[in-house]
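Report on the structure
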Amino acid sequence: MDPVTTDIWIAACAHELHRRWRTVDPDQLDEVAADLWNDERLRAMSPVRAAAVWLAPVAHDPGPRTMR
C-alpha cells in the first residue's frame, strides 16, 4: 500500500473534523487539519484517529443510544 500524501491526509482529517464539528467553517477546518499534520504524534495516526484525539478534550460522547 502506498503511503498517504500530505494533501490526502489533510483533506481526510478536515473531512473528519467537519463530520464531528459542523459548526466550524470548512476552510478553517482545512487550516486546523494542516496544523495537525505538523504535529508529529498526530501525523503518525490515521487522519480519522488524529481528528478524534485532537477533539477528545471537547467531545461529548453520550454512549450508545437505547430505545425505551
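For the structure, see preceding data.
Here's what I pulled together on the structure shown here. Please read all numbers here as calculations on a predicted model, not as lab measurements. All residue numbers here refer to positions counted from 1 along the written sequence of the relevant chain. Given that this is a predicted model, residues contribute local features only at a pLDDT of at least 70 and side-chain atom pairs are listed and counted only at 80 or more, while totals for whole chains, interfaces and linings are drawn from all residues. Side-chain descriptors were evaluated using all non-hydrogen atoms of the structure, hydrogens and water having been removed beforehand.

**Some remarks on the nonpolar core**
- Nonpolar core, defined: a set of buried Ala, Val, Leu, Ile, Met, Phe, Trp, Tyr and Cys residues in which side-chain atoms within 4.5 Å join the residues together. Each residue is placed in one exposure class: buried if its accessible area under a 1.4 Å probe, protein chains only, is under 20% of its type's maximum, exposed if it is over 50%, and partly exposed if it falls in between. Membership of the largest hydrophobic core comes to 16 residues, with the highest contact counts inside it found for Trp9, Cys13, Leu17, Ala33 and Leu36.
- At the level of secondary structure, the elements contributing two or more residues to this core comprise α1 (6-20), α2 (26-37) and α4 (47-55).
- The contact rule is simple, with two residues in contact once any of their heavy atoms fall within 4.5 Å. Once residues lying within four places of it in the same chain are set aside, the contact partners of tryptophan 9 are Val4, Ala33, Leu36, Trp37, Leu42, Arg43, Met45, Ser46, Pro47 and Ala50. Put simply, DSSP marks the helices as runs of H or I at least four residues long and the strands as runs of E at least two long, and each gets a number from the N terminus on.

**Structural notes on the packing of aromatic side chains**
- Any Phe, Tyr or Trp ring, taking Trp's six-membered ring, that has another such ring centre within 6.5 Å forms a pair; planes under 30 degrees apart are called stacked, those over 60 apart edge-to-face, and the others tilted. A complete count under the given rule lists 2 aromatic pairs for this structure.
- Ring centres of tryptophan 21 and tryptophan 54 lie 5.8 Å apart, and the angle between their planes is 50°; this geometry places the pair in the tilted category. Taken together, the residues tryptophan 21 in the loop between α1 and α2 and tryptophan 54 in helix α4 connect sequence positions 33 residues apart.
- Classification of tryptophan 21 as partly exposed rests on a relative accessible area of 29%.
- Since its relative accessible area comes to 35%, tryptophan 54 is described here as partly exposed.

**Notes on the pattern of salt bridges**
- Salt bridge criterion: a side-chain nitrogen from Lys or Arg within 4 Å of a carboxyl oxygen from Asp or Glu. In total, this model carries 2 salt bridges according to the counting rule given.
- The salt bridge involving arginine 20 is made with glutamate 16; its shortest N-O contact spans 2.6 Å. With arginine 20 and glutamate 16 both in helix α1, this residue pair falls 4 residues apart, about one helical turn.
- Through salt bridges with shared partners, a single network forms among Glu16, Arg19 and Arg20.

**Things to note about α2**
- For a helix, the expected span equals 1.5 Å multiplied by the residue count minus one. The terminal C-alpha atoms of α2 lie 16 Å apart, and with 12 residues this matches the ideal 16 Å at 1.5 Å per residue to within 8%.
- Among the residues making up α2, those that are buried are Leu29, Val32, Ala33, Leu36 and Trp37. Seen from one end, α2 has its buried residues packed into an arc of 145°, which puts them on one side. For α2, the exposed residues set more than 90 degrees away from the buried face come down to Asp27, Glu31 and Asp35.
- Capping of α2 at its N-terminal end is provided by aspartate 25; its side-chain oxygen lies 2.7 Å from the backbone amide nitrogen of aspartate 27. Starting at the helix axis, one direction is taken to each C-beta atom, and the arc is that of these directions. Polar contact is defined as a pair of N or O atoms within 3.5 Å, subject to the rule that within protein one atom must be able to donate a hydrogen and the other to accept it, and that residues adjacent in sequence are counted only when both atoms are side-chain atoms.

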